[in-house]
Structures are given as C-alpha cells and as structure tokens.
Amino acid sequence: MTNARPPRWLTPMNKVVRAFHRLGIPTGPAMVLTVPGRKTGRPRPTPITPFEVQGQLYAVGGYPGSEWARNAAAAGSGTLTRRRRVRHVRIVTVPPEAARRVLREFAVKVPVGVRFAKSAGLVRDGSPAEFEALADTLSVFRFDPD
C-alpha cells in the first residue's frame, strides 16, 4: 500500500514507553533502541519490538522511511534497553531477499506490530504473505552482540 504514515498517537506513546523504561517499568515485549542521530550525533531513543528468528534478534521498521530506521542503518551500532538493562549491539541491515523470511515470522510473532502496520496503512489483513511482500519496502535489522 502506498502513502503509509505513522499514526498520530505514535509520538506521544513512544514518550510514555521511554519514560516507563527509564523507571524500570516493563512495557510488554518493547525495548528502547538508542542510536546516534544521522545529522546531530545526539542519542535518539526509540521503542521497538524485537523478536527472535532461529536464535537471532530482529526488528522491523514500522513504516517506510522512518527516522529511527534510517538512523539505525547509518549508525551500525547502538544499545537495546529493557527496563534498566542495557546491552550494546551491532545493527545489521538485512537485505530484502533474506528479509522475506523474517517478515513472515514478524506477522506471527509480533501482534502489536501487525496492528501498527494495519493502522499505518501498510497491510490489510496482516498475513505472513502480505508482510513478506513488504521486503523491498520496510527496513529489517538484525541485532548482534557487540
């Protein structure tokens, strides 16, 4: 689908999730990814929902061209925070041909991400095949220990 946009509630919700993490309060499967901004170099924290596929940790950019995904791709490394536990990671951009398998898993393992994609206008029903078709549209990242 074209003209996908983030929902209006996203920015305020991200602020709430980041505040909860600073306080050590769990927010479901969400973690906060912090990477330096492309232009300023200042830390840019963003809540994401990573998930495992065959023992490796992945995340999917919420919509095409999202700033956090562009920053993550440019940075190549950052931190993942869950509650107050911080771990350094290398951020590897997954090429579209490999992203197809990961996106199929995303559709099954990350229901909150499916709801987000529906509200952003990226998918209609959220099926694995529908997500697989977004491999050339959405950024997919693998997080390796740093």
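For the structure itself, consult the block above.
Here we summarise the structure given alongside this text.

What counts as what
- Residues numbered from 1 in each chain as written.
- Predicted model: local features only at pLDDT ≥ 70, side-chain atom pairs only at ≥ 80, totals over all residues.
- Heavy atoms only, no water.
- Buried < 20%, exposed > 50% of the residue type's maximum accessible area, 1.4 Å probe, protein only.
- Helix = DSSP H or I, 4+ residues; strand = E, 2+ residues; numbered from the N terminus.
- Arc of directions from axis to C-beta.
- Expected span 1.5 Å × (residues − 1).
- Contact = heavy atoms within 4.5 Å.
- Core = buried A, V, L, I, M, F, W, Y, C linked by side-chain atoms within 4.5 Å.

Turning our attention to helix H4 (residues 111-119). Among all positions of H4, only Gly 113, Val 114, Phe 116 and Ala 117 are buried. Down the axis of H4, the smallest arc covering the buried residues is 160°, so these residues share one side. Taken from the residues just after H4, Gly 121 is the one with a positive phi, measuring 85°.

Once that is clear, we can look at helix H3 (residues 96-109). Along an α-helix, a turn takes 3.6 residues, which lines up residues three or four apart on a common side. Compared with the 20 Å implied by 1.5 Å per residue over 14 residues, the 19 Å span of H3 between its first and last C-alpha is a close match. Within the span of H3, buried status applies to Ala 99, Val 102, Leu 103, Phe 106 and Ala 107. Its buried side turned inward, H3 meets strand E3 (51-53), strand E4 (56-60), H4, helix H5 (128-132) and strand E7 (140-145).

Here the focus is the nonpolar core. If you look at the biggest cluster of nonpolar residues, it comprises 23 residues, and the most contacted ones within it are Phe 51, Tyr 58, Val 60, Leu 103, Leu 122, Phe 131 and Val 140. Contributing elements (two or more residues each) for this core: E3, E4, H3 and H4. The greatest single-element share of this core, amounting to five residues, is contributed by H3. Setting aside residues no more than four positions away along its own chain, Tyr 58 makes contact with Thr 49, Pro 50, Phe 51, Val 53, Val 94, Arg 101, Val 102, Val 140, Phe 141, Arg 142 and Phe 143.

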